[in-house]
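The primary structure of each chain is shown beneath.
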Amino acid sequence: MKKRSRLQNSFFNFISGMGYRMLTLITAFVVRTVFVKCLNAEYLGINGLYSNILSMLSLAELGFGTAMVYSMYQPLADKNSKKLQQLMKLYQKVYAIIGTVILIIGLCLVPFLDVLIKNQPNVGGLTFYYVLFLLNSVVSYWFFAYRNALLQADQKAYIVTNYNSLFNLIKSVLQIAFLLIFHSFTLYLVTQIICTIGQNIAVAIKVDTMYPFMKKKCDEKLPKQERNKIFRDVKALMLSKISHVALNSTDNIIISAFVGLEWVGLLSNFVLISDAITSILCQITNSITASLGNFFAKENKNEGYTLFCRVDFLNFWLYGFLMVALITLLNPFITIWIGEKYTLCQSAVVCLAINFFIAGFMNTLFTFRSTLGLFTQGQYRPLLVTVINIGLSIALSYRYGITGVLAATSISRLCVNLWYDPWLIHKKGFYKSVKPYFKKWVERILLLGLISVGMLWISNTVFKNGVSITPFALMILFTIVLPNLVLIIVFCRTEEFQYFYNLIRKFFRARPRN
């Protein structure tokens, strides 16, 4: 069988990932709609709160998966099956330990659940539901989850994605059926657990088929020096992951404890939309991550700077445009979808959209940091971000409520991550000055600010008589055309724009004509 090129593997990963994310987006909306109709808003709050608690517990993974994938790039390039066996054996052992640690810590939190829920809802079985959430997290580590890493490192993430799509569809159909027939939150959660186990087993069988050497017994351990290198990277990634979780998974916990559980339920609908869009856009960088790792393992990594600038520009355009779209369309969409009583104040929506944009910006930076192997540099920086975020979230929640908690996330990232990561990539990864990059991004942010203000004014004008299908459709049209038109006018002469413009022209010219 002919080995695919890096570009081909990236393309397959991208197409498969996009298909999965679109399927996930559609099924998530359908399931959430049925969820809202069959269960009350308090269950939404419980779902959001417990999901965030379990995200916090996933810190036990400590970024080990990322470090393991990075460690496999070189042996895969060298076709060193013995080394891969040693790595996977270590990975299997660590994941078994991680699953057990999550279970123990999760059970220890049971007595403190009341503290995390302000104005506790009149819903029975809160502890039982939490245990089901906990089991879903634990079984993902105990049932062959580590096998995914080999496919990801070998530029075949699309295989994992295809299984994700299949089991996501099965899970969604079953959850909808159980909600409509039994109105049961318990069966909704049990379905998640069963599908998680089934998916991991299916992927494990596929890995054994594709890599026969994985079936052979491996008695040799990874050399101590290499184990130490991996654990040093894990230490740095652990701190980075603490920051990521603190920024993305503590909001619901703080809102529940200091503002009220009902606000967690309202926010969850908005987060569902923004996270669905983020997961789709992440395919752009996720699909090329393994190819970049392979590139830097074989080639001169300085040649990747042009690629970095192009991916960074594409990320800015997509996330910037969609940030504007979220600001102008989120509340109207929620109103049409499930009702005006589920909307948030505009300031909270703006903060959520800004967090969405910043997360996209950081995603590109993290992709290049991981493929360049920049794990240990600045490893204690995430602790500072964590302290700032949690402290600000609690402080601002008293006066500004949910808006203050969301704003704290942006402020904490601005104070540390948004300047340090670009500096590190330029100085240690590509050996270039970061000043032109910072200047470019200041100009981009100012432009997006002006576009957002203008679109908000248009939105207020369009919806001055209330939200309905016709003005919403008109606003969608304005949102698609106007921001992109401004971006084209401003950036049409840049190298990055011309690169993607020529790619599109070549694509359409290459298509056969009837």
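Parameters and conventions
- Residues numbered from 1 in each chain as written.
- Predicted model: local features only at pLDDT ≥ 70, side-chain atom pairs only at ≥ 80, totals over all residues.
- Heavy atoms only, no water.
- Patch = residues over 30% accessible without salt bridge, like charges linked within 9 Å, V, L, I, M, F, W, Y side chains within 5 Å.
- Areas by Shrake-Rupley, 256 points an atom, 1.4 Å probe, with all protein chains shown as cover.
- Salt bridge = Lys/Arg side-chain N within 4 Å of Asp/Glu carboxyl O.
- Helix = DSSP H or I, 4+ residues; strand = E, 2+ residues; numbered from the N terminus.
- Buried < 20%, exposed > 50% of the residue type's maximum accessible area, 1.4 Å probe, protein only.
- Axes fitted to C-alpha atoms, helices over the stretch in contact; angles between N-to-C directions.
- Parallel < 35°, antiparallel > 145°, perpendicular 65-115°, else oblique.
- Left-handed = near helix turned anticlockwise from the far one by under 90°.
- Contact = heavy atoms within 4.5 Å.
- Nonpolar A, V, L, I, M, F, W, Y, C, P; charged D, E, K, R; others polar.
- Phe/Tyr/Trp six-rings, centres within 6.5 Å; stacked < 30°, edge-to-face > 60°.
- Lys NZ or Arg CZ within 6 Å of the ring centre and 35° of its normal.
- Core = buried A, V, L, I, M, F, W, Y, C linked by side-chain atoms within 4.5 Å.
- Expected span 1.5 Å × (residues − 1).

Chemist: Tell me about a nonpolar patch on the surface, and please be specific about residues and values.
Modeler: Taken together, the side chains of Leu 474, Ile 476, Leu 477, Ile 480, Val 481, Leu 482, Leu 485, Val 486, Ile 489 and Val 490 make up a nonpolar region of the molecular surface, amounting to roughly 800 Å² of accessible area. Within the element layout of this structure, Ile 489 appears in helix α17 (residues 469-491). Ile 489 sits in the exposed class, given a relative accessible area of 59%.

Chemist: Talk me through the packing of helix α7 (residues 157-182) against helix α8 (residues 185-210); I want residue IDs and the actual numbers.
Modeler: Packed helices, taken two at a time, are described by their axes: the angle between them and the distance between them. Between α7 and α8, the shortest axis-to-axis distance is 9 Å and the interhelical angle comes to 160°. With respect to each other, α7 and α8 are oriented roughly antiparallel. The two elements α7 and α8 cross, and the hand of that crossing is right-handed. Along its contact with α7, which presents Ile 159, Val 160, Tyr 163, Asn 164, Phe 167, Ile 170, Lys 171, Leu 174, Gln 175, Phe 178, Leu 179 and Phe 182, the element α8 presents Leu 187, Tyr 188, Thr 191, Gln 192, Cys 195, Gly 198, Gln 199, Ala 202, Val 203, Lys 206 and Met 210. For the contact of α7 with α8, the residue count by class is 15 nonpolar, six polar and two charged.

Chemist: Just give me the short version of the packing of aromatic side chains, but keep the residues and values in it.
Modeler: Any aromatic ring pair is given by two values, namely how distant the centres are and how the planes are angled relative to each other. Under the definition given, this model contains 33 aromatic pairs. In this structure an aromatic cluster arises from ring pairing among Phe 35, Tyr 43, Tyr 50, Phe 128, Tyr 129, Tyr 130, Phe 133, Phe 185 and Tyr 188. A cation over a ring is seen here: Arg 310 above Tyr 499, with NZ or CZ 3.7 Å from the ring centre. Note that Arg 444 overlies the ring of Phe 316, its terminal NZ or CZ placed 4.9 Å from the centroid.

Chemist: Outline the nonpolar core, supporting the account with residue identities and numerical values.
Modeler: Within soluble globular proteins, side chains that are nonpolar tend to cluster in buried spots. Membership of the largest hydrophobic core comes to 134 residues, with the highest contact counts inside it found for Tyr 50, Met 72, Leu 150, Phe 185 and Phe 308. At 19 residues, the largest contribution of residues to this core is made by helix α12 (residues 305-337). When near neighbours in sequence (up to four residues on either side) are disregarded, Leu 150 contacts Met 72, Leu 76, Leu 84, Met 88, Val 207, Tyr 211, Phe 213 and Met 214.

Chemist: Now, about unusual backbone geometry: what can you tell me, with residues and values included?
Modeler: With phi around 55°, Lys 79 is a residue other than glycine that occupies positive phi space. Inspection of the secondary structure puts Lys 79 in the loop between α3 (64-78) and α4 (81-108). Since its relative accessible area comes to 70%, Lys 79 is described here as exposed.

Chemist: Explain the environment of Ile 254 residue by residue, including any values.
Modeler: On the secondary structure map, Ile 254 appears in helix α10 (residues 251-258). Among all residues touching Ile 254, those that are not within four sequence positions of it are Val 259, Ile 390, Ser 393, Ile 394 and Val 405.

Chemist: Please give an account of the pattern of salt bridges that cites residues and values.
Modeler: Using the criterion set out here, one finds five salt bridges in the structure. Asp 312 is the partner of Arg 444 in a salt bridge, and the nearest nitrogen-oxygen pair spans 3.1 Å. One end of the pair, Arg 444, is in helix α16 (residues 435-462); the other, Asp 312, is in helix α12, with 132 residues separating them in the sequence. Asp 312 carries the same exposure label as Arg 444, and that label is buried. Where Lys 439 meets Glu 443, a salt bridge forms, and the shortest distance between an N and an O atom there is 2.8 Å. Linking Lys 439 with Glu 443, this pair stays in helix α16, spanning four residues, or about one helical turn. Overall, Lys 439 belongs to the exposed group, its relative accessible area being 53%.

Chemist: Account for the side chain of Asp 208, naming residues and giving values.
Modeler: Looking at the element boundaries, Asp 208 is found in helix α8. Overall, the relative accessible area of 18% leaves Asp 208 in the buried class. In this view, Asp 208 contacts Arg 147, Met 214 and Lys 215; residues no more than four positions away in its chain are not counted.

Chemist: Explain the environment of Leu 267 to me, using residue names and the numbers behind them.
Modeler: Mapped onto the fold, Leu 267 is located in helix α11 (residues 261-298). Taking the C-alpha atoms as reference, Leu 267 lies 7.6 Å from Leu 344; in sequence the two are 77 residues apart. Not counting residues up to four positions away in its chain, the partners in contact with Leu 267 are Asn 252, Ile 255, Leu 344, Leu 352, Ile 402 and Leu 406.

Chemist: Tell me about the side chain of Ser 452, and please be specific about residues and values.
Modeler: Structurally, the position occupied by Ser 452 is in helix α16. By relative accessible area, which is 9% here, Ser 452 ends up buried. Sequence-distant contacts of Ser 452, that is, excluding residues within four places in its chain, are made with Met 323, Val 324 and Ile 327.

Chemist: A description of the packing of helix α5 (residues 126-142) against α8 should follow, citing residues and the corresponding values.
Modeler: Running from amino to carboxyl end, α5 crosses α8 at an angle of 5°, the nearest separation of the two axes being 9 Å. Comparing the axis directions of α5 and α8 gives the class roughly parallel. Contacts between α5 and α8 involve Phe 128, Tyr 129, Leu 132, Phe 133, Leu 135, Asn 136, Val 139 and Ser 140 on the former and, on the latter, Phe 185, Thr 186, Leu 189, Val 190, Gln 192, Ile 193, Thr 196, Ile 197 and Asn 200. Classifying every residue of the contact of α5 with α8 gives eleven nonpolar, six polar and no charged.

Chemist: Lay out α7 with the relevant residues and their values.
Modeler: A turn of α-helix holds 3.6 residues, and therefore any two residues three or four places apart point the same way. Compared with an ideal rise of 1.5 Å per residue, which puts 26 residues at 38 Å, α7 spans 36 Å between its outermost C-alpha atoms and is within 8% of the ideal. Listing the buried residues of α7 in full gives Tyr 158, Ile 159, Val 160, Thr 161, Asn 164, Ser 165, Phe 167, Asn 168, Ser 172, Gln 175 and Leu 179. Downstream of α7 by a residue or two, His 183 has a phi angle that is positive, lying close to 50°.

Chemist: Describe in detail the environment of Ser 468, supporting the description with residues and values.
Modeler: Looking at the secondary structure, you find Ser 468 in the loop between α16 and α17. Taking relative accessible area as the criterion, Ser 468 reaches 35% and is therefore assigned partly exposed. With 133 residues separating them in the primary sequence, Ser 468 and Thr 335 have C-alpha atoms 8.6 Å apart.

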